[in-house]
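Per-entry structural report
The lines below spell out each chain.
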Amino acid sequence: MTLLLGARNLRRDYQLGRGGEVVHAVRGVSLEVEQGEYVAIVGPSGSGKSSLLNLLGAIDTPDQGELTIAGRRIEKLSDRELTDFRLRNIGFVFQRFYLLPVLTARENVELPMAEAGVSRADRRARASELLRYVGLERRERHRPTQLSGGEQQRVAIARALANRPALLLADEPTGELDARTGEEIIALFERLNSDGTTLIVVTHDEGLASAARRVVHMKDGAIVHQEVSRVRAGNDDTGAVPSQK
Amino acid sequence: MLLTALPLLFALQAQVRTIAIGADLAADAGIRVGDTVVVSARPGGGTEAAGAGAEGLAGRAVDTVVVSAIVERRADPSEIARNDYRVRLHLDQLQHLIGYGDRVDRFAVGTVDSAATERALGAINDAAFGFQAYRSRDIAAETSTTFEVVSRFHRAIGVITIVASAVFLLCILLLKVEERRRDVGALRLIGLSRWTVFRSVVIEAAFVSVLGSGLGVAVGWITSAAVNAYYQAFYRTPLRFSIVTGDIVLFSVLLSLALGVVAGALAALRLVRTAPLTLIGR
Amino acid sequence: MRSLLAMAALRRHGARTVLAVLGVAVAAAMLLCMVMLSAGLRESFRELLLSRGFQLRLSPRGTLPFDTEATITGATEISRVLRTLPDVTTVSAVLGGQLHVERGGESITSFALGVNPAAQGDYELLSGRDALAPDAMVVNDAFLEATGVQVGDTLDVAAGYNPQLRSYSGERRLVVSGRARFLYLAAGQSAVALRIGTLQAMTGRARNDEVSLFMLRLKDGADVEAVRRWIQGHVPRVDAISTAEAMQRVDERLSYFRQLGFILGAVSLIVGFLLVTTLVTVSVNERVGEIAVMRAMGISRAHVVQQILLEGLAISLAGAVMGLGLGLVTARYLNSILSAFPGLPAAIDFFLFQPRSAWTALGLLVIVGIAAGIYPSWRAATLPIATALHEEAVA
């Protein structure tokens, strides 16, 4: 198995207001994720899960430590290089979906591809393909306000897959969904992983965590222990994500 | 009348008449009180040095006079745009200079009161030949067309500015109110009535309007002072071009308040008509 | 995609966008008016001065043409001197005065111009014949209306009138030979033109051979300034004024309007700027989460900036287009107010529309639109992604 992500001794502190208390959100976290792995990060509120995910996804910079993704040292990249790296290598799914309400479902999925310079015809085709993959081929022209929460999250997942990222990160992806819809998303994540997508998911959802192969437990900004799921130790090969790496 | 300025130092044999000149002429020509100059009624007129009353070219007289006073310009709007210099001579002196004989252009008559003015007007017009008497205010009305035009122009600009300000104010208030949709939605959900929300938005808008108009009055006062300073120097006049009066301040503040209240009310109306859940984005 | 996002963002809050565009339109209209005011008066006056091809005007020294009642004596001699100049092709002497006509017991006073009809630049003949004969005069429509006469009628006119004694002096019998449009007179001002010798005789100015003004036409390519300087130095009783200098002197007299135009134009730009920047800033503040996600996705700072700038630019452009029509209407209205200036030639416009004015106003608004988006787009581009997402989640 190839090492996709290597984090060594990451630290991140936040100061609350000017001259306020310093919060040690991430304290010396080291983590390795292999390609095709499905990792869940769990822990109580304020344990630093989301902060760690932000660091791993290169949308926040660590105060100390090293981070390597797909062979590149992330902390050494300029802002422009970092932006481009995220565009082409990392997909994000958020708790609140964050679809652009002024665009249709398909246009939302096309957005990262447009930024990456993909031609209109190609990105339309891929967007349709991705929406079909997540089961929303009939909702292409709908705007987010016309979709349910689960549907919006599936569009967000399709968007995250647009540029064939090496790594998919999700922060509480079922946080705003009801139980049944959440199960659909869990199933989708399992399918993604089966098709070869490397996943790191931050969650309170036990179902989502149990679907992961490895569960990382955090508390007070540090990893307290990790466990490999006996159920998910092997790989299933149930079908590929459209043209995934 | 063209004035030729020559600071001559020779002694005059005849008694020399005196004139008063404007401060701008004194400054531009470097003339001081006590200087002797030659005056002529002829454009580009001669520079013959002579005693008083010598004949110059083609029947127009030249005269050697002493500047006895320098006069500040009057605050007369009609003189503003003209770069004329003003010189005051004794009546007979000017009559002689320009060959007028015993003629004048007009008499100015002062009366005891307005009733006396009417009586004098009638008596003069009945008795006199060769001239007509007019009330000063009638003359003023006839000659004030220029200022009426400028006033109308200023009023038109003022109206346009008010319209623009009203649109601007409405837009800004709408933006600011819309920015707080979620807060308002949350307040409505916890039980605040539409009327409470409406009232607080309108009060806030009124407060902002009054504060803003206060700031605007201060800026206007400073600008007015700057305009006066600049144009008084530019046109060399004591005339005040811009005046900020109590009435104007009151009008501005009241108008701002009215516009602000209307704009705030319209913005608030939009907000309270929207369902609270929609306001918070559900 | 960026322009799509920018337009979609504006459509999202239609009412506010419409209001902002309206605000910019009013500012644009005012700006266009002020640009037209700054250039219009000057250009309009220049066109008028050059309309008949006379590049130099000679007035009594120390005065502007027809500014005072001063006259130039010895006109014939001065004309002779002027004709010796090789660059001078036409010398037109003009005398100004008044003409009185008694009609229906009332005395009607008109402005009178004594000219050489063969070489004049003060009127355009519209119908009938020019005032070539010593007893002929051409008149304008205001005169015809005031007196009720027609072309071809004979009138008793006088150069002087004593209203108290109701007596006339300098009387003549003249024929209305033609109808003309006087170029330099105010609208509605009654005017006649007759041979200069006739008017001189009627006003008693023949004795000193007085005129009010000379107008000179020069050869094509002649150095106007050189001729002007020569005259100024060799003819002491006159001031020679070129078109450029006349414009400069009028500029000084009416500098107030130019300055007002500049100030109000600047204020319009500032107002437009504030409006657009406020709208776009609020719009960005509302979309912090979206923008942070776009940055997280990999949308570059530059593209975020471009999108925001496009929003500001779109509002400015839409407002500018709407403001163009509004500005022309407003300018027409303001021009009608200022045209009532006493003594102002009817041909003068304070607000003259030139395509250059529209392009200038549009260019300024484009710059303002872009500048207005700079602050909000900088804010959007420099959002700390993680912090913004966290704050959005908390909110």
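Structure: above.
Presented here is an overview of the structure given in this document. (Residues numbered from 1 in each chain as written. Chains lettered and ligands numbered in written order. Predicted model: local features only at pLDDT ≥ 70, side-chain atom pairs only at ≥ 80, totals over all residues. Heavy atoms only, no water.)

Considerations on the sheet that holds strand S1 (residues 3–15) of chain A
Residues and elements named next belong to chain A. The 4 strands lie next to each other as S2-S1-S4-S5, forming an open sheet whose pairing is antiparallel. Of all strands in the sheet, those with a lone pairing partner are strand S2 (22–34) and strand S5 (72–73), marking the two edges. Sheet analysis places S1 next to strand S4 (residues 64–69), joined by 5 bridges and oriented antiparallel. Bridging from a neighbouring strand, Leu5 pairs with Ile69 of S4. (Pairing = 2+ DSSP bridges. Helix = DSSP H or I, 4+ residues; strand = E, 2+ residues; numbered from the N terminus.)

What to know about the pattern of salt bridges
Tallying each qualifying case throughout the model produces 34 salt bridges over all chains. When the shortest N-O distance is used, the salt bridge between Arg17 of chain B and Asp92 of chain B registers 3.2 Å. Taken as a pair, Arg17 of chain B in strand S2 (residues 17–22) and Asp92 of chain B in helix H2 (residues 91–97) lie far apart in primary sequence, 75 residues in all. Residue Asp92 of chain B is classed as partly exposed on the basis of its relative accessible area, which comes to 42%. With a shortest N-O distance of 3.6 Å, Arg229 of chain C and Glu225 of chain C are connected by a salt bridge. Taken together, the positions of Arg229 of chain C and Glu225 of chain C, both in helix H6 (residues 224–234) and 4 residues apart, correspond to about one turn of that helix. (Salt bridge = Lys/Arg side-chain N within 4 Å of Asp/Glu carboxyl O. Buried < 20%, exposed > 50% of the residue type's maximum accessible area, 1.4 Å probe, protein only.)

Here we look at the packing of aromatic side chains
Where two aromatic rings form a pair, the distance of their centres and the angle of their planes describe that pair. Under the defined criterion, the tally for this structure stands at 12 aromatic pairs over all chains. Between the aromatic rings of Tyr235 of chain B and Phe241 of chain B, the centroid separation amounts to 6.0 Å while the plane-to-plane angle is 25°, which identifies the pairing as stacked. Phe241 of chain B sits in the partly exposed class, given a relative accessible area of 32%. Grouped by ring-pair contacts, the aromatic residues Tyr230, Tyr231, Phe234, Tyr235 and Phe241 of chain B constitute a single cluster. Lying over the aromatic face of Tyr133 of chain A, Arg191 of chain A brings its terminal NZ or CZ to 3.9 Å of the ring centre. (Phe/Tyr/Trp six-rings, centres within 6.5 Å; stacked < 30°, edge-to-face > 60°. Lys NZ or Arg CZ within 6 Å of the ring centre and 35° of its normal.)

A look at unusual backbone geometry
Residues and elements named next belong to chain A. The phi dihedral of Asn9 is positive, around 55°, even though this residue is not glycine. With respect to the helices and strands, Asn9 occurs in strand S1. Located in the positive-phi region is Asp220, a residue other than glycine, with phi close to 55°. Looking at where Asp220 falls in the secondary structure, it is placed in the loop between strand S9 (214–219) and strand S10 (222–228).

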